Amino acid sequence: MSSDLSALIRSLTPEDGSTIGNGAMLARLRDHFPSLTEEAYLEARDMLIDEGVLGRGKGRGGSIYRADIKPEFSLEAVEQALAEVPKRLAGQKSSKSTVRKSDQPPEVLSYRHDETRVNNPEVGMVHADTDPDGEKSTWAYDPHLDPVLNFDSARGAIETLIDEALASDDPVRMKDALTELKRLQAPYLNWTGKAEKTSFEVDTVSLHVHERVDPATILASAARRMKGQDAATQWRQPDLFAAPFENLPLRQALDFYHHEKGWSNRLVAGDSLLVMNSLLTKESMGGKVQMIYIDPPYGIKYGSNFQPFTNKRDVKDRSDADLTQEPEMIKAFRDTWELGIHSYLTYLRDRLMLARELLTESGSVFVQIGDENVHTARLLLEEVFGVENFVSEVSARKTSSATAELLPGVLDYIIWFAKDKSKLKYRQLFNPKRGADSGASGYTRVQTETGKRIPLKSLLDEETGELPDFAKPYAQGDLTSQRPPGDFPVEYQGSDYRPRAGYWKTGQEGFPRLLKSNRVEIQGNTLRYVRYYEDFPVFPIVNSWEDISGAVQSRSDPKVYVVQSSVSLCERCLLMTTDPGDLVLDPTCGSGTTAFVAEKWGRRWITCDRHLSRGDHAGQTAANDRQFRLLRPALSA
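Residues numbered from 1 in each chain as written. Predicted model: local features only at pLDDT ≥ 70, side-chain atom pairs only at ≥ 80, totals over all residues. Heavy atoms only, no water.

Novice: Any details on the overall build of the protein chain? Residues and values, ideally.
Specialist: What the protein chain contains, in helices and strands, is 17 helices and 28 strands. In the protein chain, which comprises 637 residues, the proportion classed as buried is 42%. (Helix = DSSP H or I, 4+ residues; strand = E, 2+ residues; numbered from the N terminus. Buried < 20%, exposed > 50% of the residue type's maximum accessible area, 1.4 Å probe, protein only.)

Below, the structure is given as C-alpha cells:
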C-alpha cells in the first residue's frame, strides 16, 4: 500500500506548481483508501518530501506542492501577447494578440543567472539548533582624533634622516623600514574614536528568507491561471512569490549554508554592517562582488535621514512639524550620530573596510556624496583602499538652478576607487556629439557638395541654427606629434611642407593616402588634418557629467523619497565597470535605485536597508514601493 499511496499522492498534487492543503489531500486520498490514517499519510508525504518529489508549502495546517516539475514558463523570445497579461489582471478585455515584428528586440521579463549561492535559512525552519549564532567577527584597522588634516612640523628633522638613510648602503631590511617610516609622515585623517580602538566587532548573523519576488514566476502563474474553465478558482495562489528553481529537498534545506541553489537577487532587511559581515563569513562572498555603490547620508542632518511621509519630501532640519511621531526613532538617530561628524566617519570607515573585502580584484566602489563631506570621504577612501587605487572624482549637476546667500551649490560628487587599479574592469562609454557644448566645439568649417571648404557660419541658418543637408562639417586636427615616425617634406598644391615642431603623425607610406582621400588642408604655413563630424559622431565621457542630471526628474520613475538617487548616475557607473551577470551590492538601499538599474541591465544584485521591517505605515509603504519598483520593468512588458 505504501507505494500505491505515494503514487496516488503524486498524481493528486497539482502539476502547475500550486499548493494543496494537507487536509484537502487527506480527504481526496480517503476517497480511494477509506481506512487511511493521518499518520500513514504524513509518513508517505514526508518520504516524498525527502526524495525531492514534493515541497512543503505554507498556510494553516500546512500544504504541499510538486517540487520535481519544472515550470512551463521559459525565458526565450517573448511574444507580444504576454504584454496583455496586466490588462487581463485588471479585468479588461484583451485584444487579439499581435506577433512581434522581426525587427523588434525581444522583451525581457526576468533574468536567470547560471551562478549559484548558498541556501539561506527559511524563516519557518529557523530555531536555535538549526541556525545557531556564530562568533563575533573582528575587523582591525590602523589607529589614528578630530576630522582634520594633521601634520607635525617637528618631523622635518626625521625626513632628513630618512632621506640620508635611503641614500646609504644599509641593508635592504633597514631600507624597507625607513621607507615605511617615511610613508607614516604623510598627513592623515583623524577623528574622535579612531585612536581609542584598533578594531571593531560585528555580530555574525544569518540572512533569513522571508519572501521571494520573481517577476517571471508571477507573470507565468498569472497567464496559466487565467486559462481554462475553472480560472477563478485556479487564480487563488497562496505562495505567489515562490520561485520553483530555488526549492531544495527538506533535508538539504535544513542544512543551512551548506548547499548550492539557483541564484536569486536579494533585498535584505538589516543593518548594512551586519549584512556585509554575514555575506563574508556565512556565505563566503569575499572577492565576488564586481561593483559596490554607496549613497550614504550626505551629512548628519535630520532631513537627510528621515522622511516620515512618502507624500512629503521637503523635510526640514530642526523643524518640529517634520519630526517622526516615534520617540524611539529619535533616540536611535541621536545614538547613531552621538559624536556628530566623528560618528559619521566611523560609520563610513567600518562599511568601506568590509566593502574592500567583498570586492573582486577588478572591482570598483562608488561613493555618492555632497560638497559638505566630499573631502573627508575621499581621504577616508584613500586610507582604506590606498591612494594608488583612486580612479576619479565625478561631478554631476543635481539641479539646473539654486538659491543661496552666497555661491549656490548645484553639484553632487561620485568618488571612484578600485580594489586594484592595475586590474580594474573598465568599459569606455560615449556620448553623441550635439553642437558646440557636447563634444563638437572644434567643427567650425564645412565642405559643400562641390568640395569647397568654407567657414560653418557662412551656411548656418540664423533663425533655426541648422545647416543645409549638403553641408559636411569638419574640424582641423593636428598632423604632428612629439614622437616619430616622420620628418620629411610633403609636396601639396605646389609647395613643400615640413612639421613645424616634432614629427608627422604618419610615415611616408601613409601620407600619400591622406592626400588622395582629400584629408589635408592648409592653415597658415602648415598642413592640418581634416576630421569630418561623421567620422566619429560620439566622444568619450569625462568626469564632468553635466549631460545627465543628478536630480530625479523622470515621469516613469518619479522622485518619492528625499534620499532617492538618480537612475542615470548609477546606471553610468554600472555600465562602466560591470558586464551582464556580474554581482552588484548596494549597502544603502534607500529607494532601491541600484537594484532597479542592476535588474534592468541583467546584473545580479544584493541590497539592504535597516528600515525595511519597520512596522509603521511609512516603513511598510517604503518596502512595498521598493518591491513594485523592481517589478515594474516586467509588469510593463
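Novice: Any chance you could break down the sheet that holds strand β24 (residues 526–532) for me, citing the residues and the numbers?
Specialist: An order of β17-β16-β18-β24-β23 is seen for the five strands of this open sheet, with the pairing classed as antiparallel. The open sheet terminates on both sides in strands that have one partner only, identified here as β17 (453–455) and β23 (520–523). Across this sheet, the average inter-strand angle for adjacent strands is 45 degrees, counted without regard to direction. With three bridges connecting them, strand β16 (residues 445–447) and strand β18 (residues 472–477) associate as antiparallel partners. For V446, the partnering residue across the bridge sits in β18 and is P473. (Pairing = 2+ DSSP bridges. Axes fitted to C-alpha atoms, helices over the stretch in contact; angles between N-to-C directions.)

Novice: Lay out unusual backbone geometry with the relevant residues and their values.
Specialist: Residues other than glycine seldom take positive phi values, yet S284 does so here, at roughly 50 degrees. With respect to the element layout, S284 can be found in the loop between α10 (272–281) and β11 (289–294). Under the relative-accessibility criterion, S284 is labelled partly exposed at 47%. A positive phi angle is found at Q493, which is not glycine, with a value near 55 degrees. Of note, Q493 is situated in the loop between β20 (490–492) and β21 (495–497). Since its relative accessible area comes to 62%, Q493 is described here as exposed.

Novice: Explain the nonpolar core residue by residue, including any values.
Specialist: With 44 residues, the main nonpolar core has I292 and L358 as its most contacted residues. Here the element with the most residues in this core is helix α12 (residues 341–358); it accounts for nine residues. If you look at the next biggest cluster of nonpolar residues, it comprises 23 residues, including W416, V567, L569 and W605. (Core = buried A, V, L, I, M, F, W, Y, C linked by side-chain atoms within 4.5 Å.)

Novice: Can you explain the sheet that holds strand β1 (residues 20–21)? Please cite residues and give values.
Specialist: With antiparallel pairing, the three strands of this open sheet are ordered in space as β1-β3-β2. The open sheet has two edge strands, β1 and β2 (54–57), and neither has a second partner. As judged from the four bridges shared by β2 and strand β3 (residues 63–66), these two strands associate in the antiparallel manner. The partner of R56 across the bridge, within β3, is I64.

Novice: Before we move on, could you go through the environment of W191 and cite the residues and values that matter?
Specialist: Tracing the backbone through its elements, the reader meets W191 in the loop between β7 (188–190) and β8 (199–202). With relative accessibility at 0%, the residue W191 sits in the buried group. Sequence separation between W191 and T346 is 155 residues; the distance between their C-alpha atoms is 8.5 Å.

Novice: Report on the pairing of strand β10 (residues 266–269), specifying residues and quantitative values.
Specialist: Here β10 shows a clear split, with R266 and V268 buried on one side and none of L267 and A269 buried on the other. Both β10 and strand β28 (residues 604–609) contribute to a ladder of four bridges, which runs parallel. From the neighbouring strand, V268 faces β28, where its bridge partner is C608.

Novice: Provide a residue-level description of helix α3 (residues 38–50), including the pertinent values.
Specialist: Its 13 residues place the ends of α3 18 Å apart at the C-alpha level, agreeing with the 18 Å of an ideal helix rising 1.5 Å per residue. A positive phi of about 85 degrees marks G52, the residue just after α3. (Expected span 1.5 Å × (residues − 1).)

Novice: Hey, could you go over the pattern of salt bridges for me, with residue numbers and the actual values?
Specialist: Summed over all chains, the structure comprises 22 salt bridges. Its salt-bridge partner being D478, residue R528 comes within 4.0 Å of it at the nearest N-O pair. With R528 in strand β24 and D478 in the loop between β18 and β19 (480–481), this pair connects stretches of sequence that are 50 residues apart. Classification of D478 by relative accessible area gives partly exposed; the value is 39%. Taken together, the salt bridges that share partners define one network made up of K425, R427, D579 and D582. (Salt bridge = Lys/Arg side-chain N within 4 Å of Asp/Glu carboxyl O.)

Novice: Could you give an account of the packing of helix α2 (residues 22–30) against α3, with specific residues and numbers?
Specialist: Running from amino to carboxyl end, α2 crosses α3 at an angle of 110 degrees, the nearest separation of the two axes being 11 Å. It follows that α2 is roughly perpendicular to α3 by the angle criterion. Relative to α3, α2 is oriented so that their crossing is right-handed. Residues N22, M25, L26, L29 and R30 of α2 touch α3, and the partners they reach there are E38, Y41 and R45. Per-class residue counts for the contact of α2 with α3 are four nonpolar, one polar and three charged. (Parallel < 35°, antiparallel > 145°, perpendicular 65-115°, else oblique. Left-handed = near helix turned anticlockwise from the far one by under 90°. Contact = heavy atoms within 4.5 Å. Nonpolar A, V, L, I, M, F, W, Y, C, P; charged D, E, K, R; others polar.)

Novice: Quick rundown of the packing of helix α15 (residues 567–577) against helix α16 (residues 593–600)? Include the residues and the values.
Specialist: When two helices pack together, their arrangement is given by the angle between the helix axes and the distance between those axes. At a closest axis distance of 9 Å, the pairing of α15 and α16 adopts a crossing angle of 55 degrees. The angle between the axes of α15 and α16 places the two elements in the oblique class. Judged by the twist between their axes, the crossing of α15 over α16 is right-handed. Contacts between α15 and α16 involve V567, C570, E571 and L574 from the first element and T593, T594, F596, V597, A598 and K600 from the second. A class-by-class count of the residues in the contact of α15 with α16 yields six nonpolar, two polar and two charged.

Novice: Account for α12, naming residues and giving values.
Specialist: With 18 residues, α12 ought to run about 26 Å at 1.5 Å a step, and its terminal C-alpha atoms sit 26 Å apart, in line with that. Most of α12 sits inside the fold, with 14 of its 18 residues counted as buried.

Novice: Which residues make up the packing of aromatic side chains, and what values do they have?
Specialist: Applying the stated criterion across every chain yields a total of ten aromatic pairs. Ring centres of W504 and F511 lie 5.0 Å apart, and the angle between their planes is 70 degrees; on these two criteria the pair is classed as edge-to-face. Residue classification places W504 among the buried residues on the basis of a relative accessible area of 0%. An aromatic cluster of at least three residues, connected via ring pairs, comprises Y293, F366, W416 and Y426. Across the ring face of Y474, the terminal group of R453 is positioned such that the distance to the ring centre comes to 5.5 Å. (Phe/Tyr/Trp six-rings, centres within 6.5 Å; stacked < 30°, edge-to-face > 60°. Lys NZ or Arg CZ within 6 Å of the ring centre and 35° of its normal.)

Novice: Give a description of the pairing of strand β12 (residues 359–369) that names residues and reports values.
Specialist: With ten of eleven residues buried, β12 is to be regarded as a mostly interior element. Relative to β12, β11 runs parallel, the two sharing five bridges. Bridge pairing links V289 to L359 in β12. Sheet topology note: the β12/strand β14 (residues 411–418) ladder contains six bridges and is antiparallel. Note that in β14 the partner of V365 across the bridge is F417.

Coordinates in, geometry out; function isn't part of it.
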